[in-house]
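Each chain is listed here by its residues.
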Amino acid sequence: MLQYRPDLAQLPLVADWARLERPVIVRRRMAGDAADGIPAALPLPPKYGKQRLAFSFASSDAVAPLPPVSLREAARTAPTAWQPLIDSLLELADASGMEPRVFGGLLWQHATALPYLSPESDLDLLWSVSDERAATSLAAELLRLERNGPVRLDGELALPDGAAVNWRELSGGSSSLLVKTMNGVEIRARATLFHPSESLS
């Protein structure tokens, strides 16, 4: 990265980022993408002005995917004030058989040991759900836990086909929802979230 953007070396933390084997965000190549590299991004911690640095890798050989990080694994990185809520979330995970993964600030703080979390941070979680009943029950429990918790819960439910929907929007009862896929975003009828081959028309 610094070979082509020497100016970035002047920013805090950047010069040592690769040496310390800290992660970056890499976007999967899509049809129609230019052939001159793999797009990537590096979000610096908020105390450095929330800078988002964009660059690219010349080859996929330079990219090594990291395994997902569970809330159970990242819990020790979270603020002390969050721990009772995290304990309750892990109890919910044990009871439901759905183990949440982390993203957002907690993931970055866990992966880098840098201060990504602040008093305004959300706790971002990704839950894999297999059916509508489990999704609806989980969303209700998350709302209940959040009401008495010290931090706003946010995040998504990963659907069986690999797409994802915001659990808070799912709990709202709308008949159509915004769904994220590997190809972008789309609107889906609630009834088709777990049965994509079905249609209301």
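Treat the numbers as computed from the prediction; the structure is a model and nothing was measured. (Residues numbered from 1 in each chain as written. Predicted model: local features only at pLDDT ≥ 70, side-chain atom pairs only at ≥ 80, totals over all residues. Heavy atoms only, no water.)

Peer 1: Mind showing me how you'd approach the side chain of His 110 here?
Peer 2: Structurally, the position occupied by His 110 is in helix H3 (residues 104-112). Of note is the side chain of His 110, whose polar atom sits 3.1 Å from the side chain of Thr 77. For His 110, the residues in contact, after removing those within four places along its chain, are Val 69, Glu 73, Ala 74, Arg 76 and Thr 77. (Helix = DSSP H or I, 4+ residues; strand = E, 2+ residues; numbered from the N terminus. Polar contact = N/O pair within 3.5 Å; in protein donor to acceptor, adjacent residues only side chain to side chain. Contact = heavy atoms within 4.5 Å.)

Peer 1: Explanation requested: unusual backbone geometry in the structure shown.
Peer 2: It is generally the case that most residues other than glycine have a negative phi and that most peptide bonds are trans. At Glu 21, a residue that is not glycine, the phi angle is positive and equals roughly 55°. Mapping Glu 21 onto the fold places it in the segment before strand E1 (25-26). Of the residues examined, Glu 21 reaches a relative accessible area of 71% and is grouped as exposed. Phi is positive for Ala 113, which is not a glycine, with a value near 65°. (Buried < 20%, exposed > 50% of the residue type's maximum accessible area, 1.4 Å probe, protein only.)

Peer 1: I tried to follow the packing of aromatic side chains on my own but got confused; where do I start?
Peer 2: The way to describe two aromatic rings as a pair is by their centre distance and the angle between their planes. Evaluation of the coordinates by the stated rule reveals 1 aromatic pair. Above the plane of the ring of Trp 17 lies Arg 22, whose end atom (NZ or CZ) is 5.3 Å from the centre. (Phe/Tyr/Trp six-rings, centres within 6.5 Å; stacked < 30°, edge-to-face > 60°. Lys NZ or Arg CZ within 6 Å of the ring centre and 35° of its normal.)

Peer 1: What am I meant to see in the environment of Trp 108 here?
Peer 2: Mapped onto the secondary structure, Trp 108 falls in helix H3. Distance from Trp 108 to Pro 23, taken between C-alpha atoms, is 8.4 Å for residues 85 residues apart in sequence. Contact partners of Trp 108, with chain neighbours within four places excluded, come to Trp 17, Pro 23, Val 24, Ile 25, Pro 43, Ala 113 and Tyr 116.

Peer 1: Mind showing me how you'd approach the pairing of strand E8 (residues 176-181) here?
Peer 2: Side-chain positions along a regular strand alternate between the two faces of the sheet. Looking at chain direction, strand E7 (residues 164-166) and E8 are connected through 2 bridges and run antiparallel. Counterpart to Ala 164 in the pairing with E8 is Lys 180. For E8 and strand E9 (residues 184-189), the ladder comprises 6 bridges, and the chain directions are antiparallel. Bridge pairing in E9 places Thr 181 opposite Gly 184. Connecting E8 to the antiparallel partner E9 that follows it, the hairpin turn spans 2 residues. (Pairing = 2+ DSSP bridges.)

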